[in-house]
Amino acid sequence: GVQTCALPISDNAFDAGRLVSSFRPDLVFVDVNLPGVDAARMARSIRADPATQSARVVAITQDGSYRPVEFDDVINRPIAKKAVRRLTDPLPTLKG
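Model, not experiment: these values are computed from the prediction.

Peer 1: Would you explain the overall build of the protein chain in this entry?
Peer 2: Looking only at helices and strands, one finds 3 helices and 3 strands in the protein chain. Along the protein chain, helices and strands appear, N-terminal first, in the series α-β-α-β-β-α. Across the 96 residues of the protein chain, 30% fall into the buried class. In the protein chain, the share of contacts with a sequence separation of at least 24, taken over all contacts with a separation of at least 6, comes to 52%.

Peer 1: Honestly, the side chain of T52 in this entry has me stumped. Any pointers?
Peer 2: Assignment of secondary structure puts T52 in the loop between helix 2 (39-48) and strand 2 (56-61). A distance of 2.8 Å separates the side chain of T52 from the backbone oxygen of I46, its partner in a polar contact. Once residues within four sequence positions are removed from consideration, T52 is found in contact with V20, R24, P25 and I46.

Peer 1: I'm lost on the pairing of strand 2 in this one. Help?
Peer 2: Side chains on a regular strand alternate between the two faces of the sheet. Burial within strand 2 is extensive, with 5 of its 6 residues counted as buried. As defined by bridge partners, strand 1 (residues 27-31) adjoins strand 2 across 5 bridges and the pair is classed as parallel. By the bridge assignment for strand 2, L27 is matched with R56. Crossover handedness for the path strand 1 to helix 2 to strand 2: right-handed. Of the pairings in the sheet, the one linking strand 2 to strand 3 (residues 73-76) comprises 4 bridges and is parallel in character. In the strand pairing of strand 3, I60 is matched with I75.

Peer 1: In this structure, what is going on with the layout of surface pockets? I would like to understand it.
Peer 2: Where empty space is left in the structure can be found by rolling a water-sized probe over the atoms. Volume-wise, the second largest pocket comes out at about 310 Å³. Around the second largest pocket, the lining is made up of 16 residues, and of these A13, G17, R41, M42 and S45 lie nearest the centre. With 7 residues, the single largest contributor to the lining of the second largest pocket is helix 1 (residues 13-23).

What counts, and at which threshold
- In this convention, every chain numbers its residues from 1, walking through the sequence in written order.
- With pLDDT at 70 or above as the cut-off, local features in this predicted model cover only qualifying residues; side-chain atom pairs require 80 or more to be listed or tallied, and sums for whole chains, interfaces and linings still use all residues.
- Here the side-chain values reflect all heavy atoms present in the structure, with hydrogen atoms and water set aside.
- Secondary structure is summarised from DSSP: a helix means a run of H or I of at least four residues, a strand means a run of E of at least two, and numbering begins at the N terminus for each.
- Relative accessible area decides the class of each residue, using a 1.4 Å probe on protein chains only: under 20% of the type maximum gives buried, over 50% gives exposed, and in between gives partly exposed.
- A contact between two residues is defined here by any heavy atoms of the two lying within 4.5 Å.
- Counting of polar contacts relies on pairs of N or O atoms within 3.5 Å, with two restrictions inside protein: one atom must be capable of donating a hydrogen and the other of accepting it, and residues adjacent in sequence are counted only when both atoms are side-chain atoms.
- Pairing between two strands requires that DSSP report at least two bridges joining them.
- The definition of a right-handed crossover adopted here requires that, viewed with the strands pointing away, the path from the first strand over the helix to the second runs clockwise.
- Cavities and pockets were defined on a 1 Å grid built over protein atoms only: a cavity is a set of grid points that admits a 1.4 Å probe from which the probe cannot escape, a pocket is an open set flanked by protein on both sides within 12 Å along at least five of seven lines, and lining residues are those with an atom within 4 Å of any such point.
- Grid points are joined across faces, edges and corners, and a volume is the space filled by probe spheres set on the points.

Okay, structure coming up:
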């Protein structure tokens, strides 16, 4: 069968932080090239919250050269389906 999931999206760091806190995702993609985003700080914040500390945090970069220890993995832009499948296989158990 096909699994579906909710996929909240934000175009700024402030709203993204609020979404992560309220949604409690299993997987978070952080675009490290957006202006005004301290991606490493955002990842540390996700790890510090007991509600989200087990989420996988993945950096999205232009060239893959950004590899801070705060991230579980890094994928390059443009994002390939194969890269997303690698990160989500096996899929986590979907929440309620």
